[in-house]
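Here's the letter readout for the chains.
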Amino acid sequence: MMCKIGVFDSGIGGLTVLHSCVNRVEGEYYYYGDNLNAPYGTKSEEEIYALSKRAFELFLRLRVDAAVIACNTVTAVCIDRLRREYPFPIVGTEPAVALAAKHHKKCLLLATRATLSSERVHKLLAAFPKTEFTLLAPDGLVEEIEKKRTELSRVDLSFLNGFSDVGVVLGCTHFVWLKERIEKFFPVYDGNEGIASRLHAMIEGMKGTENHILKGEEAREGLVLKTNKNVKICFIGGDFVRNYEIYEQMFF
Ligand code: DGL
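The structure presented is a predicted model; accordingly, all values stated were derived computationally and were not measured.

Strands belonging to one sheet form pairs held by backbone hydrogen bonds; the direction of such a pair is parallel or antiparallel. The strand order β4-β3-β1-β2-β10-β9 describes an open sheet built from six strands, whose pairing is mixed. Among the strands making up the open sheet, the edge pair consists of β4 (90-91) and β9 (223-228). With six bridges joining them, strand β2 (residues 27-33) and strand β10 (residues 231-236) adopt parallel strand pairing. Residue pairing in the sheet places Tyr31 in a bridge with Phe235 of β10. The sheet strands contacting helix α2 (residues 45-62) are β1 (4-9), β2, β3 (66-69), β4 and β10, and the helix crosses β1 at an angle near 170°. Seen against the sheet, helix α10 (residues 240-251) touches β2, β9 and β10 and runs at an angle of roughly 20° to β9.

Okay, here's the thing in structure tokens:
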């Protein structure tokens, strides 16, 4: 039996996380990308929590064995609440500052406003007192990436002007789509491989205890992509047709 894994983001950012997870962990994936309500990063905590609950209620009905919050913003704002409320384990996404701080005295953390003003991220940064962090939430960047997925070479990177000798931390999964471009100028860090490793360890630890032996509901609406006999991805929620197409175009 394959494990059922829910993956959630406000839109297409989490598709890069999904790809890292799929490469590492076999399973039946449910990708919920809430494009219709993106961006989350400029919303209030309560709004972000309420939107996240919609995805998690669906994961609950599908009886997932584990969920991945492929979104720094949701993790920063409400992962603790979601962990208390749902019976399955949840892997979150946090800015890869530990990795960047190993190599750089100065780091630029790019993330959404909600992430940068969260207590969780401030606590994380406080663990690296010797590193100088500049925090930046580029205006409108998440919307631009949602819109321009097919022409990312045209996304304006002028927000990087004036920085030098910094390690850049991509603290928003949408920004991972710009990794190759930003890497031409700076060393870049993201958390995708770390998330896949944590999911792998979690799933290994629960082998034999998968709860879908009690059959969950079927997804009512969605598109299924079967990549091989050990991985199946069902795109649900939001603009699932577009998320399916982007994933298929980029990764197959
Ligand atoms: N992809 C998300 C993140 O990692 C959120 C983007 C947004 O909707 O503002 O923070």
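Moving on from the model shown.
The four strands lie next to each other as β6-β5-β7-β8, forming an open sheet whose pairing is parallel. Since the sheet does not close on itself, it has two edges, and those belong to β6 (132-136) and β8 (188-189), each with one partner. Bridge analysis of strand β5 (residues 106-110) against strand β7 (residues 167-170) gives four bridges, and the strand direction is parallel. Directly across from Leu108, in β7, lies its bridge partner Val168.

Of note, the bond from Ala38 into Pro39 is cis; its omega dihedral lies within 30 degrees of zero at 0°. Not every positive phi belongs to a glycine, and Arg63 is a case in point at roughly 55°. Within the secondary structure, Arg63 is located in the loop between α2 and β3. Given a relative accessible area of 35%, Arg63 falls into the partly exposed group. Positioned with a positive phi, Asp165 is a non-glycine residue whose angle comes to about 55°. Structurally, the position occupied by Asp165 is in the loop between α7 (141-147) and β7. Residue classification places Asp165 among the exposed residues on the basis of a relative accessible area of 68%.

Calculation rules
Residues numbered from 1 in each chain as written. Predicted model: local features only at pLDDT ≥ 70, side-chain atom pairs only at ≥ 80, totals over all residues. Heavy atoms only, no water. Pairing = 2+ DSSP bridges. Helix = DSSP H or I, 4+ residues; strand = E, 2+ residues; numbered from the N terminus. Contact = heavy atoms within 4.5 Å. Axes fitted to C-alpha atoms, helices over the stretch in contact; angles between N-to-C directions. Buried < 20%, exposed > 50% of the residue type's maximum accessible area, 1.4 Å probe, protein only.

Keep in mind these numbers describe shape, not what the thing actually does.
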